[in-house]
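Given next are the chains, with one letter for each unit.
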Amino acid sequence: MASKSRRRSRRLSPLTTAALVLAVCAHGALASSPLVDFDRMGKVGLAGAFAGLDVVSNNNSVTFDPSTASLLARSSDGSLSKVASTDAGGSILAGCAIGDVFYVAGNFSSVGGTSASNVASYSTSSGSFSALGSNGPNGVVHALYCDASRKQVWAGGQFSSPGASVAVWNIASSSWSAAPFGGLTGAAAEVLSITTNSSQSSLFFSGSFIASFGNGSIPLNSTNNPNVPFSSGATPFSSSLVPVPLGNASVTAGPASSDGQFNNVQNILCPAGPDGPGNTWLAADGNKAVITVRKFAFLTARGIRIGNTFLNGRGTTGFSVATIPDNAVQQLTYFDPTDNQNKTCTDSCPLLTDSSVPYQDFLFDSDKDITGFQLTLSEWQGAGPGLHLLQLLSSGAFASAVDSQNGQSCFAPGPSTTERNGPWTEKDADTSIPGTIQAVLVSTVDVGTPSAQAPSFTWMPYVSASGQYDINLLVPGCTNFQDCALRTSVKVTVFPGGGQQPWVTTVDQTNTEDNVTLIYRGPVVPTSPAFQTTITMTLADDPIGNGQNGQYEIVADRVQLVLTSPNVTSSANASSSSTSSGSGKDGFGFLEWPLSASSTSSASNGLQTSAITPLDSVGFDFLTALGGAASVMSTAFAPAISAVAHHPSGAVFLGGQFSLSSGSASGASNIAMFNNGALSALPNGGLNGAVTSLIVDGDTVFVGGSFSDTVKASNSALRGIAAYSVSQNAWSALEGGVDGAVNSLDTSGSQVLVAGNFSKILTSSGSTESQNAAGFAAWDTSSNTWVNNGGFIIGSMTFVGNGTSSSPQFVAGSVSTSVRFGATGFVMLQNGPNGQPQVTPLGVQFDSPVVSANTSTSTKARRSHHRRASHGWMSSLNVLNMFKRQTTSSTTNNLAPLPSPVPAPAPAVLAGAFWTNSSSLKELVIIGGNFSYAAGGVQAQNVAVYDDSSKTITPLRGNQPNGTVRSLLVKGDTLFVGGEFTVSGIEGSGFAVYDLANQRWESAGLPPLQAVSGETVTVRSITASPANNDDVIVAGSFSQAGSTACRAICSFDTTKSQWNALGNGIQGDVAAVVYAGSNELIAAGSIALADSTHANVASYSFSNSTWSAVGNGGDLPGPVTAAEVNDGNMNSVFAAGRSSDGSSPFLYFWDGKSWQSVGQGLEGSTDVAQLVMVPLQNTHSGNSIIESDRVLMVSGSISDSSFGNASSVLFDGQNFLPYIVSTSESGSPGTVAALFHSIANFSFTQRHFLATGVVILISIAIAAGIVFLLALIEILWTLFARRDDKVNNYDAVDMDADDDSTHRPSSLLEHINAATRSTILGSSPFGPNAEKEAGLAAAGAGAVAATASNDDPFSGPDASNYLRAETPSDALGGGLGPEEQSRPAYARYSFDGHGEGELALKAGQELEILDDRDDAWWYARDVRTGHEGVVPASYVY
């Protein structure tokens, strides 16, 4: 490799060129986004003030709308990712999985942008949603069960079609059907839960319904309403809806027929006779027609009834309906009697031309608040379209307080009526619908008037058919009527008929906006064709408010009956004259159905007695314990069994909202157990609030709901969630529970997942200490503690359940904010699949710290994380470094104060360091900041030792730091701690030393740091000195250390516990310390040199103990908060901070000559906490600022005009790329304080490996080359053998001093090979044979010369006698003399160093020359990184 010239040129082989081209192409494929190479840095930690974070991908940003319901997938590591959202106002209440398909249900009309009514499927493989047919449940779905073996999905809820409250989706046929047992009705006609028994052979249905067996229950309304002419195009449900009177409506139609007998559209609103003249409307021949109906008043509609004309072969075949005033074409649902299927349509909808179907009912997807509608007849047969019947269907029945609005409905014997007692006057106000007004009746009553003497109002709405109804009282808002001060509360009594007991409800009428209040839910049973339900309103027994001028005002508007099911059974109405009775059994709220059952039943005929199972006694006993059917129906709100769990012991646990008054479980509330054939109460009477969910885990039943204790108060920590031990028959708390309602429970491994409407986890009974957990939490059953659930979410969650193999769980609810990973201030980072970052969150939860005069580790019966209410001076912190203005320095030297970043709430992790335990040899991470925790019954704070493999945390023994820890350094088994804190028993503040091996604070002989007058000591940086292994550099805000005057930065001798000043020192405050090689220290902050020269970035030379400014101090706009040196190169320095006036951030680059701004685009809210250069797995386009194999990671709170907010960004010398986004517990942006790693000096040089096939080809080529090389050596040996004598007689004086041709190639080749071995094997290129060299060194140069001919180190074809040493520093005897181990040097030019064994150089780089025996190539070491290799001698001085 030697040549006669000091300059050399190299030529790449074609194979090498091809390999480089492949490598570049490979990098080009990855160049779309930087892939940080965390693994090259060892273990990597990321710390900050955040509760959750995510890595920014190339995908679009994820947003959440809390008015929708969001579905999130939870992976095996707990991380959360958004799947989709529903339409506004939608909800997701249930889910289950078969294979890779997850079925989701609730109350929605679309999900993920796909139109789907209440139930949909999600394919995890394709990431798409699909609707399940067109005739699925027409109401809310509360429960799903997936039967994978039978490929069926069971749905339960409150709906009437395709079955009453229960429906089955058959995957194979892609169709819906009713349940084999027909359905479940009675009570609230609602199924809330579908689960299996412990052997998964039967389904348990629970809710609020009557399960009737045999002839014990016969529906009262199994056919069409008898008051309405029968049509197979209607259903029992639609025929029970009372039509809206349209007599006073504005109705126009055109173009109409010219025949006067068929052009009056009023004739079809309630035809007086059959299809024909005077009873039919025809459009003009050959024209489509439009019929517009306007009421100009507020009304609620459920659908439309259309009867076709069949005259002379005419008739309408297609139409559409648009509602007014929104002019939206509505989707309609209808029953097709030709195939007995429920179908949907929009534009156009088909109308049958079969004269045996006199009319068809078309229903909206929900109740619509409208003022009219427009019907377009767009298709026809014969000469043109026409109709015989047109009606607008109400939601059930209705009555207005204003008589003029109570017209007689078609087919009704009379209109709805009212009665009033006392003075009532009419008031008008605008409604929410433009162009309409609202008329109500009001009555005033003196304050103090008894309810019995107050005015009263009675509505008597006409009800056409029996059914399950919700009766609502509409209360207009007081704002529109300007009578808020007069409003009070009223008592409303509903008489539903059928011999049922009246319902009494108190309604608050002080609402400012229009309000709909449910006053009754249950069956309404007409006793005659002219039956009218009676609803009476009067002043409440205990009216609220003070009134105005001594008077109250009560308001009468409208009542609305919303039909939910047309089926009402006799078991609910024993005294009704329209029922029949027989011998059978009725059960409440529970039904067991064997999955193997093949028989079918009809909901109209009840369940067969042969279908009764032993566990159906649960329902029978429950109905008896509730006081029977009459008692169930007379309560204001029907009781319900919301959840069922079957324990392996055979016990069935039932939770819901009920109170049992008789039988073996008398006195049980909201939860009971069925075991050994009988119901029984749980300890202390059960729970004092509703139970919504149950789940069994071994011997324990976990219970979720809205409760705060047992009925007989025994444990006030049972808040929202509780655990019941089956074997011990005892309740236990999950610490202090949660501060809200729990809606859903699930298990995942050893965790119980909890979803609900809560915001905090409480630590103990009655405690104000809590931890934020907005809607989702995880309880670990092995440690009995709350743990990190893996993701971060803020919302009100309604569902959590097991999912597919790729998404083990799904979580749903109303979400305000969510990010993928949840962690309180700390995560670990490493390379993941496809080079993407893999995030491992902190396995425990931190809380806010405790501030006390003497905080020490103490044994307490508390879990590992709790939060105290904000109090004391540390309730929040300035997360980025809490820079404080140094009054003295600012005044004396006119230094600008260090910036004060935006405060962020604790808990926060601000610093970290890795420590290898000398006894266990396990690498652990030590983190510090502003937090508290408990581990093993010990309460600790602000510093923790974390084992990322076991996810456990260990406190430091002894007293705890009271304050904030901002910097950590580990040297051996010694931990150096810096910040603004005190430790009881240690003199001074801000700096302390801890012996990790002996687990104690070093309190003796440590001179304390002294603060500037009026300030506190703040240590922001603790680093190991590269110049002296015994020294630690401490920097921040302080005036002196012990008696040593060393302002803002000082050296601490760890062997002597002694402080030493660095040169003549500096003035001001230091924010960051970095190093350029082993000789240069870079300090950044608000700094002036000792001579008052401003230098916000200053360098200190360890070799001559002098300080100097880096560039002109005035070139930087203001104080520096973070700095970084690029791979130790003093000519590549970055500095970030804020301008002196605090108005704007900056990022500057020092190129060795001047500072230049590179932070264009950073917005004013940016605060930079740290700059760190990180290596890449791929490359970017290199530039004069940053090389292609690395990027600058800028962390803190970053705001840029191109991407918005981020906590960490990557800067490639040209662009800022968002990388880490984080959020606080409140949902506001979080901050990143520091990235730290276990390998202090890593290489940025990328190592790339060829494919196996290419390696094999290269190996073959090398083998062939060796064969030819051996032959060539043999030839050359013969040719040059005769020249040996001439070489031996060589006189060096005759040769040119620069001529290195006499150096044999083998000597330099051995150097290259040695350096290559060092690079590949990670060991010294020098072998263990040092004895011979040591002898030669002792003998001196003469002895070396004397032995040159016989022991030439370059003789021998394999250089086997090359002088070797144990270390590179020992391998210098030949060239540097016996006294000189190495000598310093500097690079004159830059050198790429791409060849094997070569060392890359940059101009000005500091080196150590280890071997200079070759005139052309010297062996050198990079003092910054320790890398070694050969360099051109002419490039070094």
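Residues numbered from 1 in each chain as written. Predicted model: local features only at pLDDT ≥ 70, side-chain atom pairs only at ≥ 80, totals over all residues. Heavy atoms only, no water.

Visitor: It is not clear to me how the pattern of salt bridges should be interpreted in this structure. Could you clarify?
Guide: Two side chains with opposite charge may pair up if their charged atoms get near one another. This model, assessed by the stated rule, comprises 29 salt bridges. Among the ionic pairs, Asp147 bridges to Arg150, the shortest N-O distance being 3.2 Å. Relative accessible area serves as the criterion here: at 38%, Arg150 is assigned to the partly exposed category. Where Arg1383 meets Asp1412, a salt bridge forms, and the shortest distance between an N and an O atom there is 3.3 Å. In this pair, Arg1383 sits in strand β89 (residues 1383–1386) while Asp1412 sits in the loop between β90 (1406–1411) and β91 (1417–1422), placing the two residues 29 residues apart along the sequence. Judged by its relative accessible area of 21%, Arg1383 falls in the partly exposed class. Note on Asp1412: relative accessible area 17%, which makes it buried. Beyond isolated ion pairs, a larger network of salt bridges with shared partners links Asp1127, Glu1187, Asp1189, Arg1190 and Lys1402. (Salt bridge = Lys/Arg side-chain N within 4 Å of Asp/Glu carboxyl O. Buried < 20%, exposed > 50% of the residue type's maximum accessible area, 1.4 Å probe, protein only. Helix = DSSP H or I, 4+ residues; strand = E, 2+ residues; numbered from the N terminus.)

Visitor: Help me understand the sheet that holds strand β76 (residues 1066–1076), please; the structure alone is not making it clear to me.
Guide: Strands pair in a sheet through their backbones, by hydrogen bonds, and they do so in one of two ways: parallel or antiparallel. Taken together, the four strands give an open sheet; going across it, the order is β76-β77-β78-β79, and neighbouring strands pair in antiparallel fashion. In the strand order of this sheet, the two ends are held by β76 and β79 (1106–1109), each with one partner. Across the sheet, the axes of successive neighbouring strands diverge by a mean angle of 30°, strand direction being ignored. Where strand β77 (residues 1080–1089) and strand β78 (residues 1097–1101) come together, five bridges link them in antiparallel fashion. From the neighbouring strand, Ile1082 faces β78, where its bridge partner is Ser1099. (Pairing = 2+ DSSP bridges. Axes fitted to C-alpha atoms, helices over the stretch in contact; angles between N-to-C directions.)

Visitor: What should I look at first to understand the state of the cysteines in this one?
Guide: Where two cysteines share a covalent bond between their sulfur atoms, that bond is called a disulfide. Across all of its chains, the model carries five disulfides by this definition. Note on cysteine connectivity: Cys270 is disulfide-linked to Cys410, with sulfurs 2.0 Å apart. Taking the sign of the S-S torsion, 80° for the link of Cys270 and Cys410, the bridge is right-handed. On the criterion of sequence distance, the pair formed by Cys270 in the loop between β17 (250–254) and β18 (281–282) and Cys410 in the loop between β27 (396–400) and β28 (417–421) is long-range, its members being 140 residues apart. Judged by relative accessible area, which is 40%, Cys270 ranks as partly exposed. (Disulfide = S-S within 2.5 Å.)

Visitor: Whenever I open this one, unusual backbone geometry confuses me. Can you help?
Guide: Most of the time, phi is negative for any residue but glycine, and the peptide bond is trans. At the junction of Ser161 and Pro162, the peptide bond is cis and its omega measures out at 5° in the coordinates. In this structure, Asn684 takes a positive phi of about 60° despite not being glycine. With respect to the helices and strands, the residue Asn684 is situated in the loop between β43 (678–681) and β44 (690–697).

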